[in-house]
Amino acid sequence: MKKFESVKRAGIFILLVTLTFSCQQNQKGTTNESTDNLFIEITADVQTQAVRDTADAADDPAIWIHPEDASKSLIVGTNKQRGLAVYDLEGTEVYFSPVGKVNNVDVAYNFIYYDSLIDIVGASNRTDNTITIMWLHPDGRLEDLAASNIKSDVEEVYGFCLYLDRSDNSLYAIVNSKTGQVEQWLLNDIHDYEIHGTMVRSFDVGGQTEGCVVDYETGSLYIGQENKGIWKYHVDPEKGAERTLVDDLNNPMLAVDIEGLSIYYASEGKGYLLASSQGNHSYAVYERTGDNKYLGSFRIVDNENGLDGTEETDGIDVINLNMGPSFPNGFFIVQDGFNYENGILVSQNFKMIRWEKIANAFDPP
C-alpha cells in the first residue's frame, strides 16, 4: 500500500478521506419531549478482547496509525489495575505492558529522539503518581523511555493527554487529578536514553477532572470537570488559566460524570469535539469551530448479532482516516463499563463504531 501520512503524523490536519460528513442538531426519531427519545441509537461493529482483570479495570483508549498501512494500525488501552494493552483493529490483544495502574493514555507522532522520529505513548500512572512515557513500535511493542523523576505533584494523577508542538518539537504532557489540579510538563530533556520532564504550568479547574484532549490545529486544550462541564483552555503554557465554558450540566442531554474527550478532524478546520456523558450512557457532539455549538447526542445499543451496547463510558477516541476495509471512513472507540457476553457480565473492554454510522444517523447526514 502506498505510504500516507495521518493528520497527526504530518502535523497538518487535512481530511484524507473523500467522504465528509456533517452532524446537525436535528435528529432522526425526535418525536416527543422525553429526553431519552432525543438520543440517536447506534450499534457497535467490533469489540476488543476483555481486559485481564475484573471489576473496574479498562478505562481509556488511544488510536495509533501505522505509517505505511492503516489497516495495521493499533489501539492502546489502559487496564488501570496493571498496565497497557495493545490491540489490532480486529480487537485482538497483540501486546501487554505491565507498567502499573495507568488511568488515561494518549499518542503523539514523530517525536525527535536522538537521530530518529518515534511515536510516543504517554499515560497517567497511579502506582507511583508519575507520567509514563513509552515508545510504540509498529509491531505493538512498548518500550519504556521515561525517567523515574517525572513525578507529578497533584494529589493523584488521573486524566492525561499529550501535545507535540511541531514548530520546535516540544512535547507536552498534561495531567489532571480528582481534586481539579492540572499540570503541564515539557518533556524535551533527553539524556542517558531517558526522557525527563519539567513542569511549565499548573492551575486548578475547580473540581474533579479527567477528560483531556488538545486540538492540534487551534491550540485549544479541552478539560472535562466531571460534575460541571467542559472547559476550553489554550495549550500554550504562557496563557495561564484563561478559559471559556463549552457546555455544562444545564444541558439536559448531559449527566454527571463528564468523562472522555476527543477531536474529530475534518477539512478546512471543521470537525467535532466529542464527549462521554457517563451518567446517561451517551456521547455528545460539538462543533470544533467558534463557540463549540452543541449538535446532538447518541448512545451505543445492542446489535442484532449479540454485540452489546455501552454503559458508563470513561475514555473515548476517534479517527477520520481510511483504516482499511473494516473502517473505510475511520471509527469511534469507547470504553464499555458493563461488558456482556451472551447476557453474562464479563470484564470490561472497548467497542468500535464505524464513523459513517454515527454521521449518517444525524438528519441531515
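One can find the structure itself at the top, above this paragraph.
What counts, and at which threshold
Residues numbered from 1 in each chain as written. Predicted model: local features only at pLDDT ≥ 70, side-chain atom pairs only at ≥ 80, totals over all residues. Heavy atoms only, no water. Pairing = 2+ DSSP bridges. Helix = DSSP H or I, 4+ residues; strand = E, 2+ residues; numbered from the N terminus. Axes fitted to C-alpha atoms, helices over the stretch in contact; angles between N-to-C directions. Patch = residues over 30% accessible without salt bridge, like charges linked within 9 Å, V, L, I, M, F, W, Y side chains within 5 Å. Areas by Shrake-Rupley, 256 points an atom, 1.4 Å probe, with all protein chains shown as cover. Salt bridge = Lys/Arg side-chain N within 4 Å of Asp/Glu carboxyl O. 1 Å grid on protein atoms, 1.4 Å probe; cavity = no way out; pocket = protein on both sides within 12 Å on 5 of 7 lines; lining within 4 Å. Points joined across faces, edges and corners; volume = space filled by probe spheres on them. Nonpolar A, V, L, I, M, F, W, Y, C, P; charged D, E, K, R; others polar. Lys, Arg positive; Asp, Glu negative; His and termini not counted. Charge placed at Lys NZ, Arg CZ, Asp CG, Glu CD. Buried < 20%, exposed > 50% of the residue type's maximum accessible area, 1.4 Å probe, protein only. Core = buried A, V, L, I, M, F, W, Y, C linked by side-chain atoms within 4.5 Å. Contact = heavy atoms within 4.5 Å. Phe/Tyr/Trp six-rings, centres within 6.5 Å; stacked < 30°, edge-to-face > 60°. Lys NZ or Arg CZ within 6 Å of the ring centre and 35° of its normal.

Chemist: Talk me through the sheet that holds strand E27 (residues 349–354); I want residue IDs and the actual numbers.
Modeler: An order of E2-E27-E24-E23 is seen for the four strands of this open sheet, with the pairing classed as antiparallel. At either end of the open sheet lies a strand with only one pairing partner, and these are strand E2 (46–47) and strand E23 (316–319). Across four bridges, E23 lies against strand E24 (residues 331–336) in antiparallel orientation. Pairing of Ile316 across the sheet is with Val334, part of E24.

Chemist: Report on the sheet that holds strand E7 (residues 102–113), specifying residues and quantitative values.
Modeler: Hydrogen bonding along the main chain pairs the strands of a sheet, whether they run parallel or antiparallel. Across the sheet, four strands lie side by side as E7-E8-E9-E10; this open sheet has antiparallel pairing. The strands lining the two open edges of the sheet, one partner per strand, are E7 and strand E10 (142–144). Strand-to-strand twist across the sheet, computed as the mean angle between neighbouring axes with direction ignored, equals 35°. As paired elements, strand E8 (residues 116–125) and strand E9 (residues 130–136) share six bridges and run antiparallel to each other. Bridging across to E9, Gly122 finds its partner in Ile133.

Chemist: How would you summarise a nonpolar patch on the surface if you had to cite specific residues and measurements?
Modeler: Together, Phe338, Tyr340 and Leu345 line one region of the surface with nonpolar side chains, adding up to about 260 Å² of accessible area. Mapped onto the fold, Leu345 is located in strand E26 (residues 344–346).

Chemist: Break down empty space enclosed by the protein for me, with residues and values.
Modeler: Scanning the entire structure with this criterion turns up two cavities of 30 Å³ or more. Here the largest cavity is characterised by a volume of approximately 270 Å³. Asp106, Cys212, Val213, Leu261 and Asp317 are the residues nearest the centre of the largest cavity, which is lined by 28 residues in total. Listed by contribution, the elements that provide at least two residues to the lining of the largest cavity are strand E3 (58–64), E7, strand E11 (157–165), strand E15 (209–215), strand E19 (258–265) and E23. At six residues, the largest contribution of residues to the lining of the largest cavity is made by E19. By residue class, the composition of the lining of the largest cavity is 15 nonpolar, five polar and eight charged.

Chemist: Describe a negative patch on the surface, naming the residues involved and giving the relevant values.
Modeler: Taken together, Glu143, Asp144, Asp192 and Glu194 make up a surface patch of like negative charges. Within the secondary structure, Asp144 sits in strand E10.

Chemist: Can you lay out the pairing of strand E16 (residues 220–225) for me, pointing to particular residues and giving the numbers?
Modeler: By the criterion of burial, E16 is predominantly enclosed, with six of the six residues buried. Residues Ser220, Tyr222 and Gly224 line one face of E16 and the alternating positions Leu221, Ile223 and Gln225 line the opposite face, and both faces are buried. Across five bridges, the pairing between E15 and E16 is antiparallel. Its bridge partner being in E16, Val213 is matched across the sheet by Tyr222. If you look at the hairpin formed by E15 and E16, you'll find four residues sitting between the two strands, and Gly219 has a positive phi there, around 75°.

Chemist: Go over the nonpolar core with me, naming the residues and quoting the values.
Modeler: Ranked by internal contacts, the top residues of the largest apolar core, which has 53 residues, are Ile120, Ile133, Leu221, Ile230 and Tyr286. Ranked by the residues each element gives to this core, the list is headed by E11, at six residues. Not counting residues up to four positions away in its chain, the partners in contact with Ile120 are Asp106, Val107, Ala108, Phe111, Ile133, Met134, Leu145, Leu162, Leu171 and Ile195.

Chemist: I'd like to hear about the pairing of strand E17 (residues 229–234), residue by residue, with values.
Modeler: Within E17, five of the six residues are buried, which leaves it mostly tucked inside the rest of the structure. Note that E16 and E17 share six bridges and pair antiparallel. Across the sheet, Gly224 pairs through a bridge with Ile230, a residue of E17. Where E16 folds back onto E17 in an antiparallel hairpin, the turn is made up of three residues. For E17 and strand E18 (residues 244–248), the ladder comprises four bridges, and the chain directions are antiparallel. Bridge pairing links Lys232 to Thr244 in E18.

Chemist: Summarise the packing of aromatic side chains; cite the residues concerned and give the values.
Modeler: Given two aromatic rings, one states the distance between the centres and the angle between the planes to describe the pair. The full count for this structure, using the stated rule, is 15 aromatic pairs. These aromatic residues form a ring-pair network of at least three members: Tyr113, Tyr114, Trp135 and Tyr193. Geometry around Trp231 places Arg243 over its ring, the cationic atom sitting 3.4 Å from the centre.

Chemist: Now, about the environment of Phe111: what can you tell me, with residues and values included?
Modeler: By the element assignment, Phe111 lies in strand E7. Overall, the relative accessible area of 1% leaves Phe111 in the buried class. It is 7.5 Å that separates the C-alpha atoms of Phe111 and Leu171, two residues lying 60 residues apart in sequence. Excluding anything up to four places from it in sequence, Phe111 contacts Ser116, Leu117, Ile118, Ile120, Leu164, Asn169, Leu171, Leu187, Asn188, Ile190 and Ile195.

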